[in-house]
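So you can see what is in the structure, the chains are spelled out below.
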Amino acid sequence: QVQLVESGGGLVQAGGSLRLSCLASGSTFSIHVAGWYRQAPGEQRELVASMSSDNSTHLADSVKGRFTISGDNALSTVSLQMNSLKPEDTAVYYCNAEVSFGSSRVRFRYWGQGTQVTVSS
């Protein structure tokens with residue numbers, strides 16, 4: 001099992017910044033992809049940003065130029081720096097990780113509990 005714990009959400013005015021962090025814990029696991037999703041009320045969960053074990057990153061078009069994803073080499077800590085926040089960024093943000101255990105090639109996906117980000121206009 002892997003536990004993902006998010007921190008850093010909160011309330012901020014439009015134009016402000018927040019930094020979300022996700023810490024993974026467990027035993028004998030490897031993270032292949034780690035990322036952040038968000039879900040606004042009445043909307044589907046969407047990918048915001050992801051980072052792979054080869055250090056490649058992906059950002060949704062809606063956040064390019066404003067958000068940055070970073071992580072340590074093992075992706076056990078992944079952060080999302082959010083600048084120039086807009087009211088439409090308001091959502092619950094979830095950390096996600098694609099994990100394998102030991103020498104197995106089977107991958108599992110884990111989710112954090114979510115952290116609320118609210119951007120006021």
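For the structure, check the block above.
Everything quoted here is computed from the prediction, not taken from an experiment.

**Student:** Lay out the overall build of the chain with the relevant residues and their values.
**Tutor:** In terms of helices and strands, the chain carries zero helices and 11 strands. Overall, the chain shows an N-to-C arrangement of helices and strands of β-β-β-β-β-β-β-β-β-β-β. The C-alpha atoms of the chain give 14 Å as radius of gyration, which agrees with the globular expectation for 121 residues (14 Å, within 12%). For the chain, the proportion of its 121 residues judged to be buried stands at 40%. When contacts within the chain are restricted to residue pairs at least 6 apart in sequence, those whose partners lie at least 24 apart make up 56%. When the accessible surface of the chain is summed, it comes to about 6400 Å², and 48% of that surface belongs to carbon and sulfur atoms. Placing the 9 positive and 9 negative side-chain charges of the chain at their respective mean positions leaves the two points 3 Å apart.

**Student:** Which residues make up the sheet that holds strand 7 (residues 67-71), and what values do they have?
**Tutor:** Hydrogen bonding along the main chain pairs the strands of a sheet, whether they run parallel or antiparallel. The strand order across the open sheet built from four strands is 1-3-8-7, with neighbouring strands paired in antiparallel fashion. Each having just a single partner strand, strand 1 (2-7) and strand 7 make up the two edges of the open sheet. Strand-to-strand twist in this sheet, taken as the mean axis angle between neighbours without regard to direction, amounts to 15°. The pairing of strand 1 with strand 3 (residues 18-26) spans six bridges and is classified as antiparallel. When the bridges of strand 3 are listed, V2 appears paired with G26.

**Student:** Explain the state of the cysteines to me, and be specific about the residues and the numbers.
**Tutor:** Inspection of every chain in the model, using the stated rule, returns one disulfide. Here C22 is linked by a disulfide to C95, with a sulfur-sulfur distance of 2.0 Å. Sign of the S-S torsion, about -80° for the bond between C22 and C95, identifies this disulfide as left-handed. One end of the pair, C22, is in strand 3; the other, C95, is in strand 9 (residues 91-101), with 73 residues separating them in the sequence.

Procedures and definitions
In this numbering scheme, every chain counts its residues from 1 along its sequence in written order. Since the coordinates come from a predicted model, pLDDT governs what is reported: local features require at least 70, and pairs of side-chain atoms require 80 or more to be given and counted, while whole-chain, interface and lining totals use all residues. Computation of side-chain values: all heavy atoms of the structure, hydrogens and water removed. By the criteria applied, helices consist of DSSP H or I runs no shorter than four residues and strands consist of E runs no shorter than two, each listed in order from the N terminus. A radius of gyration in this sense is built from C-alpha atoms; the matching globule rule multiplies 2.2 Å by the number of residues raised to 0.38. When a residue's accessible area, from a 1.4 Å probe over protein chains only, is under 20% of the maximum for its type it is buried; when over 50% it is exposed; and in between it is partly exposed. The contact rule is simple, with two residues in contact once any of their heavy atoms fall within 4.5 Å. Using the Shrake-Rupley algorithm and a 1.4 Å probe, accessible areas are obtained, with residue cover drawn only from the displayed protein chains. When charges are tallied, Lys and Arg are placed among the positive residues and Asp and Glu among the negative ones, while His and the ends of the chain are skipped. The location of each charge is read from NZ of Lys, CZ of Arg, CG of Asp or CD of Glu. At least two DSSP bridges between two strands are required for those strands to pair. Orientation is described by lines fitted to C-alpha atoms, with helices fitted over the stretch in contact, and by angles between N-to-C directions that extend from 0 to 180 degrees. Any two cysteine sulfur atoms lying within 2.5 Å of each other are counted as a disulfide.

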